[in-house]
Structure formats: C-alpha cells, structure tokens
Amino acid sequence: MDFSEAQKRICRFIKEYVENAGAKGIVLGLSGGIDSATIAALSSLAVGGDNVLALMLPEKENFNQKDIDDAKVVADKFKLQTQICDISSVLEYFYKGIPVFEPKDKLCKGNIKARTRMIYLYYYGNKLNRIVCGSSDKSETMMGYFTKWGDAAADITPIMDLYKTQVRKLAVHLGIPEELALKPSTPALWPNQTAENELGIKYETLDLILYGLERFMATEEIANQLIIPKLIVEKVKTRWLANEHKRRNPIAPKMGYRTVGNDFRLPRHTY
Amino acid sequence: MILGSQDIRIESGNDMKDKIKLALAQISSKRENKEANLQKIEALTFKAKEQGADLAIFPEMSLTGYVVRDQFYELAETIPGPTVERVEALAKKTGMHVIFGMPELSEKTRATVFNTAVFVGPEGLIGKYRKMYLPTHSVFEEKRYFRPGYQTAAFQTDLGNIGLCICYDLFFPEVLRLIRLKGAQLIVCISASPSVRRSYFEILTCARALENTAYLAYVNLAGVEDGLQFWGGSRLVSPTGDVLAKAKYDEEDFVTCEVDYSDLRTAETFIPTLRDLRPELFDKLKEYSERL
C-alpha cells in the first residue's frame, strides 16, 4: 500500500465530510492505542489540530498511566485540543442502577464502559457541533471484535477499510512513535485484556486470512498459501460471517414498499 | 454420461401418463447449509413417493436459501456436480422425478453463476433452466450475482412435456408463451417470492396458466431469510386458471395434487388462445420493445 496516497485520500475524506456537514470540527476518543492515535493524526492533518477535540476517558478499574502518556504524546505532536473525563463515577452509577448487574460478568461490564464512552463522545459532538470520528479498523470490524453501539458508534470511520497491520504502518508513516504503533492492541475493557489473546491469533496472520476471504478465496487455498492448518482459517471465517449482524442496521420485517436499512437506496447527505 | 450446458436427456415419453401426481414441497431452506437442505429434499422426495407422487418440486434456490448474497460464489456448483449427482441417486432410488433450484457455476469459468432450476428423473439429469429475468430492484440484487439464461426450457419426459421457469419470469408473458409453444403441457415455476408481492403472483399464476391453456405448478419458499419473509402459497393452477390445490401461506407445507392432461383439450377448445395466436404481432413486439 502507498501510505502517502492512503493518507491523502483519508484526509480528503475527513475534510470534505466535516465541511459538507457544516460541522465545527471533530471529536474522537483518544485511548493511547494505535487506532485512535491514527485517526487523531489523520483528523489533525485533515482539518487542523485546533478543530479536533480528543477526549481521554479513563476509568479506575483499568487505569493505565502509560496509555494516558501515549495519548498525550499524540495530542502534543498533532496539536489536538484535549479533555480528560474520568468515567469511573458514571460507571459506578450504572453498576448500582442495574438490578441484575453482576460484577464478575466482565463482558457485559466491559460493554457498559465502551457504551459510556460513546455517550461522552456524542455529548461533546452535539454540544460543540462536531463530527464523531470512530477508530474501528477492518480486522476488528470483520471479526466483530467491538462493542455494538459502543466503540463502533461514530459518524465517520476513516480507517475501517484498513487492516490492523496496515494501520500500524500508516501510523508510523504519519509520524506516530513506533513504540506506540507496535504495542499490543487492547479494547481496555478489563485489566490485562489484549486483542490478540482474545482473538487467539496474531494480527499478522489474521489479516492475511481476512485478505484472502475478502477476495473470495477458498479456505483451503488460504491455508495452503499461508502454510497454516485449514481449521484456523475456518475458525476466522466462521467468526467473520457470524458477526454480520453487528455490522448492519437493526433488521426489520419487510412490510412496506421500501424499507429502512433494506431497499431505501438514498444518497447520504451530510447537511 | 456428461451433459453439456445446453444438452438434455430426452425421456422417450412412450409410456407417458394421462394423469400425474405432483408434490409441491414448500420448504424453508436453511441458508448456506446445502447438506441440511439436501436432507430435506431427500426426506420429502421419499414422502412424495409414499403418497404416490411422480414429481416432487422444490422452490427457487432451495439448495442454499435465497438471501445468501456474496456466499453464492462459494455455494454454486456445476451441473452435473456433487449435488445433482446426489439428487440423481435419489431419483433413481425412488423412481421419482425431482425439480429444485440452486446456484449453478459455469463449467467454463470460475465465477460465472446462474440462478438455475434442475430437472432430474429416474434415469438421470433431464435438463436445467437458467433464469432469464433476474430482478434487480427493490430488495432484489440478482444481476449483481447471476448471468441471465438465454434459453427457455421444455422437456419431453415420461410425465409429459414439462417446461421450467423461475419466479420473476412470470411477469413476462412471452417466456411462458414460448415454453408453451415448445410443447409444454405443464409449466413449473419455482420461486422465492417475498410476502409484499403475494397478490401479484396470485394473479400472474392464474393468468399465465389461462392465457396458455396449460397447467402451472408454482412452488414458493416459506420462512424468513434476513428479514425477507417468503409467503409460500404454492399451488397448482388448471389450464382454465382455477386453483386446484394450494399450500399454506408463510409456513412450510407439503401438498400433493393431480394433473390430468385430458383437461387440456377441453380448455383449448373453450378458450382457444393458441388457435387464435397472431404471429405477426410478435414481430411488432420486438420492433417496439427495442424502441422503449
């Protein structure tokens, strides 16, 4: 991939969307991870750092000073506006307010965190007339490795068509420190969570499998080319297909002449 | 015997029956699960045999489900191919004729797919029909995946001359007229029609049978695929447009019914549409349709 060309195209996409929407800039969550650092950099290059508000949304259970420091490095380098909001107190209210809340159920609990961050981002977006910029990449999106209506909620997703390994290279190209670009990805929903552990596969392998699936290659052919067991490819494929429901609008029974999310094929306007 | 794409196996028709019994197997297919659907086709073909049927008819894309989108490329098979060979074995074992729908992969290319109706008899593959009219509007995106067929299909068999068409073809009277003029006495239409279009198909099935004075067996999918609900309502329509048998709406059903070819003469004398055909109008149709 030509990363200069990728940068140019994505920056143009962001700039035009913000301008056409009549928005005053962008708001995004800056976690200290590679994806959010990359969209922060691209947003700054597209519309100027003054017009990009980076929200840092830590919480006490999973607090990591290194992530905050990394986020600040990116914010300084790309001259972003920043705001730190500790979401711990809000999370506590959710935990106390849900009658069936079970602290040991870390997935449900973690999803509350991702969705709470979404509420903060959209509050600032509404309040300041800014576009919410999402940080989903192609690897995580294809695998369904995200929280529905949580970290995947956004108005634009500039790097959703780039695999994680491509995002890392683009990040380095943009001047993001290599140390940050190569550190293990984590949704940071609970302590010691890493994406590769949960997915059970290295991104270097996963992305090549997904690349093959994207191009309609048979599982056997992918396995042969990568010299890996076919079972690994099949597992990835099964997960990819099983999560289509997370990538699409809520489903409705077809009742009318044209149906929202189905056969209304309208141009997308941003004004 | 290997059959080319346009080759057909013609049954002698010497033992042609005056009456045949159909089984309208209105199933809900399990999407992307060919094995599960084949097992259902096998079980219902045996059931049809037990109930004295000669021909079991399954809906459009009954092998794979209809809303499988990009998965069509992976699910498609050549004809002959593993699925057709299995249905051939089924037909041979039961002595039944079977019609079902599947995505057909071209033998000559790696990714050219057709929406195809397959017709198998006890002696093997009788023939196939590739859908000519591919809906690509509203909820339909068939032209995105399929190449259209260029041939209508009517096969001389031991069960009479039987023509094939698929779903949206019904909206084009010239398709069924051509099938009828090729000699079809029974036209089989397999379908994957969603509920919002039920009234159209209920009108068109009767109209196409009546205007051609031919039997028309319509077999639709049932169940819901990705929010798209198929209305079922499979039926046999007489050459005078009467609904002789009808399956339930919306849910899976299995209906047997009888085709009595001796009724064709009565219908053709009462409503002599074939006698009264005006061939010169077809030239005009061609001329004017090119000028739309």
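Above this text is the structure in question.
Residues numbered from 1 in each chain as written. Chains lettered and ligands numbered in written order. Predicted model: local features only at pLDDT ≥ 70, side-chain atom pairs only at ≥ 80, totals over all residues.

*Asks:* So what exactly am I meant to see when it comes to the overall build of chain B here?
*Replies:* Check the secondary structure of chain B and you find 8 helices and 14 strands. For 292 residues, the compact-globule estimate of 2.2 N^0.38 gives 19 Å, and chain B sits close to it at 18 Å. By principal-axis analysis of the C-alpha atoms, chain B measures approximately 50 × 45 × 40 Å. A total of 292 residues make up chain B; the buried ones form 46% of that total. A separation threshold of at least 6 residues defines the contact pool for chain B, and within that pool the share at least 24 residues apart is 71%. (Helix = DSSP H or I, 4+ residues; strand = E, 2+ residues; numbered from the N terminus. Rg over C-alpha atoms; globule rule 2.2 N^0.38 Å. Buried ≥ 20, exposed ≤ 12 C-beta atoms within 10 Å, placed from the backbone. Contact = placed C-beta atoms within 7 Å.)

*Asks:* I keep staring at the overall build of chain A and nothing clicks. Help me out?
*Replies:* Helix and strand content of chain A: 13 helices and 4 strands. Rg of the C-alpha trace for chain A: 19 Å, near the compact-globule value of 18 Å for 271 residues, within the 12% margin. C-alpha atoms of chain A, sized along the principal axes, occupy 55 × 50 × 50 Å. Taken across its 271 residues, chain A has 37% of its residues classed as buried. A fraction of 71% describes how many contacts in chain A between residues 6 or more apart in sequence connect residues 24 or more apart.

*Asks:* How do you make sense of the sheet that holds strand E13 (residues 243-246) of chain B when you look at a structure like this?
*Replies:* Hydrogen bonds between backbone atoms are what pair the strands of a sheet, whose relative direction is either parallel or antiparallel. Residues and elements named next belong to chain B. Strands sit in the order E6-E7-E8-E9-E12-E13 across an open sheet of 6 strands; the sheet is mixed. For this open sheet the edge positions go to strand E6 (153-157) and E13, each flanked by a neighbour on one side alone. Neighbouring strand axes in the sheet, compared pairwise and without regard to direction, differ in orientation by 20° on average. Examined bridge by bridge, strand E7 (residues 160-166) and strand E8 (residues 186-191) share 5 bridges and lie parallel to one another. Note that in E8 the partner of isoleucine 166 across the bridge is isoleucine 190. Along the sheet face, helix H6 (residues 198-212) touches strand E9 (215-220), strand E12 (235-237) and E13 and points at about 155° away from the line of E9. (Pairing = 2+ DSSP bridges. Axes fitted to C-alpha atoms, helices over the stretch in contact; angles between N-to-C directions.)

*Asks:* For this particular structure, what's the right way to read the sheet that holds strand E4 (residues 113-121) of chain B?
*Replies:* All names here are of chain B. Pairing is mixed in the open sheet, where 6 strands are placed in the order E5-E4-E3-E2-E1-E14. This sheet does not close on itself; its edge strands, each paired only once, are strand E5 (124-130) and strand E14 (253-260). When the angles between neighbouring strand axes are averaged without regard to direction, this sheet yields 30°. Across 3 bridges, the pairing between strand E2 (residues 55-57) and strand E3 (residues 97-105) is parallel. Considered in E3, the bridge of leucine 55 is made with histidine 97.

*Asks:* I would appreciate a short explanation of helix H5 (residues 106-128) of chain A in the present structure.
*Replies:* Within an α-helix, residues lying three or four positions from one another point in the same direction, as the helix has 3.6 residues per turn. Residue and element names in this part refer to chain A. For H5, with 23 residues, the first-to-last C-alpha span of 33 Å sits near the 33 Å given by 1.5 Å per residue. Those residues of H5 that sit buried are Lys113, Ala114, Thr116, Arg117, Met118, Leu121 and Gly125. Positive backbone phi, approximately 55°, marks asparagine 129, located one or two places after H5. (Expected span 1.5 Å × (residues − 1).)

*Asks:* Would you take a moment to explain the environment of leucine 274 of chain B for this structure?
*Replies:* Residues and elements named next belong to chain B. With respect to the secondary-structure elements, leucine 274 resides in the loop between helix H7 (262-270) and helix H8 (279-289). Residue leucine 274 is classed as partly exposed on the basis of its C-beta count, with 15 C-beta atoms lying within 10 Å. Taking C-alpha positions, leucine 274 is 9.3 Å from arginine 177, a pair spaced 97 residues apart along the chain. Those residues within four positions of leucine 274 in sequence are excluded, and the remaining contacts are Thr213 and Glu268.

*Asks:* Explain the interface of chain A and chain B here, please?
*Replies:* How big an interface is tends to be stated in terms of accessible area lost as the parts join. Opposite the 7 residues of chain A that make contact, chain B presents 9 residues. Residues belonging to the side of chain A that touches chain B are distributed by class as follows: 4 nonpolar, 1 polar and 2 charged. (Nonpolar A, V, L, I, M, F, W, Y, C, P; charged D, E, K, R; others polar.)

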